[in-house]
Amino acid sequence: MKCDCCRSPVDEENACCQVCGFPLLGGDGSDMSSIIGDYRRSLLGGTVLSIEQFYYGYNGDGELEELKSEYVDIANAADLPQDEIMWFDCGYEPLELQREFELHALVRNSKYSFRANLLVKPDSVKTFSKLGVCTEDGCRVRFVVGDGTDNFYTESIPLLIKQNQ
Ligand SMILES: [Zn+2]
């Protein structure tokens, strides 16, 4: 049996899901999508997903150098669709991926934040022109790097942050 809200495996002896707290109502066949949607919004509506973006420019010697970096908000966790990739409009120039790199992600809510350095390997994907996320069971997400056809999925990170990490 899986939680109706976050799809974590749940024990029927419990009154609610151990991951997201959604009550285990038992299926009576009625459409619960609006209740689940409201619950997800109250659970995740204050949670924001960001990635670190780097800005480059030419210095006085004509060399390209990193000018600054900052975390840029890319999505509210409550807006992420289930079962499909949400692509972001990042406006990246297509980049040939020749070596692995790290994507720096940040998830934060009103109290806590979680940082993760996610390894992207170029073995399954040759071009980086799009960045997206897809949701996973248990209120988790993976980042998706690729061109929309050949994609690399990072390891997953949690959306429910209960302590700073
Ligand atoms: Zn749940």
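Up top is the structure these notes are about.
Given the structure is predicted, the values throughout are model-derived calculations rather than measurements.

Caption draft 1: Main features of the overall build of the protein chain. Check the secondary structure of the protein chain and you find one helix and 11 strands. For the protein chain, the sequential pattern of α-helices and β-strands runs α-β-β-β-β-β-β-β-β-β-β-β. Structurally, the protein chain occupies a C-alpha span of about 70 × 35 × 25 Å along its principal axes. Counting only residues that meet the buried cut, the protein chain has 21% of its 165 residues in that class. In the protein chain, the share of contacts with a sequence separation of at least 24, taken over all contacts with a separation of at least 6, comes to 48%.

Caption draft 2: Representation of the pairing of strand β5 (residues 101-108) in the model. Taken together, the four bridges between strand β1 (residues 48-58) and β5 define a ladder with antiparallel strand orientation. In the sheet register, Ser50 faces β5, and the bridge partner there is Leu106. Looking at chain direction, β5 and strand β6 (residues 113-120) are connected through eight bridges and run antiparallel. Each residue of the ladder has a partner; that of Glu102, found in β6, is Leu119. Connecting β5 to the antiparallel partner β6 that follows it, the hairpin turn spans four residues.

Caption draft 3: Seen up close, the sheet that holds β1. Spatially, the four strands line up as an open sheet ordered β2-β1-β5-β6, and their pairing is antiparallel. The outermost strands of the open sheet, each flanked by one partner alone, are β2 (64-76) and β6. Strand-to-strand, the axes of this sheet are offset by a mean angle of 30°, without reference to chain direction. Relative to β2, β1 runs antiparallel, the two being bridged by 11 bridges. Counted as the bridge partner of Phe54 is Ser69 from β2.

Caption draft 4: Local environment of the nonpolar core. Ranked by size, the top nonpolar core spans 27 residues in total, and within it Cys6, Cys20 and Val133 carry the most contacts. Of all the secondary-structure elements, those providing two or more residues to this core are α1 (33-44), β1, β5, β8 (130-136) and β9 (140-146). Looking at this core element by element, the count peaks at four residues for β9. Of the residues that make up this core, three or more belong to each of domain 1 (1-44) and domain 2 (48-158). Among all residues touching Val133, those that are not within four sequence positions of it are Leu49, Ala75, Leu80, Met86, Val141, Arg142, Phe143 and Val144.

Caption draft 5: Main features of the environment of Glu136. As for its placement among the helices and strands, Glu136 is situated in strand β8. Judged by C-beta crowding, with 18 C-beta atoms within 10 Å, Glu136 ranks as partly exposed. Remark: the alpha-carbon pair of Glu136 and Ile157, spanning 21 residues in sequence, is separated by 9.3 Å.

Caption draft 6: Molecular detail of the environment of Cys134. Topologically, Cys134 is positioned in strand β8. Between the C-alpha atom of Cys134 and that of Glu84, which follows or precedes it by 50 residues, the distance is 6.0 Å. The contacts of Cys134, once residues within four sequence positions are left out, are Glu84, Ile85, Val141, Arg142 and Val144.

Rules used in this analysis
Residues numbered from 1 in each chain as written. Predicted model: local features only at pLDDT ≥ 70, side-chain atom pairs only at ≥ 80, totals over all residues. Helix = DSSP H or I, 4+ residues; strand = E, 2+ residues; numbered from the N terminus. Buried ≥ 20, exposed ≤ 12 C-beta atoms within 10 Å, placed from the backbone. Contact = placed C-beta atoms within 7 Å. Pairing = 2+ DSSP bridges. Axes fitted to C-alpha atoms, helices over the stretch in contact; angles between N-to-C directions. Core = buried A, V, L, I, M, F, W, Y, C linked by C-beta atoms within 7 Å. Domains from an automatic or database assignment.

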